[in-house]
Amino acid sequence: SFLVAAWDINGERLELEIPFSGGQLSDAMTVSARISDTAKSNRFLQQEIDVSLRSEGDELVVNVVAHPPDSEARLTLAGRYSVLDGDGKFSIGPNVVDFAKDSLQPEDLSPLLSVFQKTVGSVNIDGEVKITRGQPLQSYVTLKFESLNTDFVEMSIDSLTGQLKIIDLLNPHTPSGQMFS
């Protein structure tokens with residue numbers, strides 16, 4: 001038999017069929033794929049993704065690693081999903097993305113970030129995704145900048161330090177009152 005985990009995300013239905021037998025994941029499973037954004041205006045570039053699932057009691061233990069092809073940058077997500085409750089909690093990171101001249105640049109991660117050029121420095125990424133049956137998906141990520149240098153539109157930004165919290169990763173926005181130095 002199969003367990004079907006399903007979520008409604010921004011009007012789209014995402015379903016995952018997982019081989020389950022007797023309340024347990026039949027076998028540990030690993031899936032590797034390349035994912036692409038098919039939206040008219042791409043939000044991210046093609047990513048390689050590795051997903052591993054295993055069961056512990058009535059919970060699925062989930063580990064995900066996503067990265068651009070041919071890049072050392074990694075975004076990790078790890079957590080547990082309760083098959084009985086339909087609830088899950090997943091940590092994003094902590095991850096460090098290093099930008100360097102003639103190497104990884106923000107636009108390599110998303111065309112939306114192409115306004116940032118000649119970026120040098122690191123961004124720490126940390127966050128959480130929470131799934132509660134019958135509730136909208138909850139998510140946030142915190143980007144921590146430490147002495148980041150970049151060209152942005154027609155200005156140069158030197159030694160950017162601070163953090164930016166982004167809430168609702170499917171419909172990203174930021175809380176007010178955030179400051180950078």
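Residues numbered from 1 in each chain as written. Predicted model: local features only at pLDDT ≥ 70, side-chain atom pairs only at ≥ 80, totals over all residues. Heavy atoms only, no water.

(A) A look at the overall build of the protein chain. Broken down by element type, the protein chain carries zero helices and 11 strands. In sequence order, the protein chain lays out its α and β elements as β-β-β-β-β-β-β-β-β-β-β. For the protein chain, the residues scored as buried account for 30% of the 181 residues in total. When contacts within the protein chain are restricted to residue pairs at least 6 apart in sequence, long-range pairs at least 24 apart make up 36% of them. Entry remark: accessible area of the protein chain is about 11300 Å², with carbon and sulfur atoms responsible for 53%. (Helix = DSSP H or I, 4+ residues; strand = E, 2+ residues; numbered from the N terminus. Buried < 20%, exposed > 50% of the residue type's maximum accessible area, 1.4 Å probe, protein only. Contact = heavy atoms within 4.5 Å. Areas by Shrake-Rupley, 256 points an atom, 1.4 Å probe, with all protein chains shown as cover.)

(B) The arrangement of the sheet that holds strand β7 (residues 75-82) in detail. Taking strand neighbours across the sheet as the criterion, the eight strands line up as β4-β5-β6-β7-β8-β9-β10-β11 in an open arrangement whose pairing is antiparallel. In the strand order of this sheet, the two ends are held by β4 (29-35) and β11 (155-167), each with one partner. For this sheet, the mean angle separating the axes of adjacent strands, direction not counted, is 10 degrees. Bridging between strand β10 (residues 138-152) and β11 involves 10 bridges; their strand directions are antiparallel. By the bridge assignment for β11, phenylalanine 152 is matched with methionine 155. (Pairing = 2+ DSSP bridges. Axes fitted to C-alpha atoms, helices over the stretch in contact; angles between N-to-C directions.)

(C) Summary view of the packing of aromatic side chains. In the structure shown here, the tally under the stated rule is one aromatic pair. Over the ring of tyrosine 140 we find lysine 165; its NZ or CZ atom is 4.5 Å from the centre of that ring. (Phe/Tyr/Trp six-rings, centres within 6.5 Å; stacked < 30°, edge-to-face > 60°. Lys NZ or Arg CZ within 6 Å of the ring centre and 35° of its normal.)

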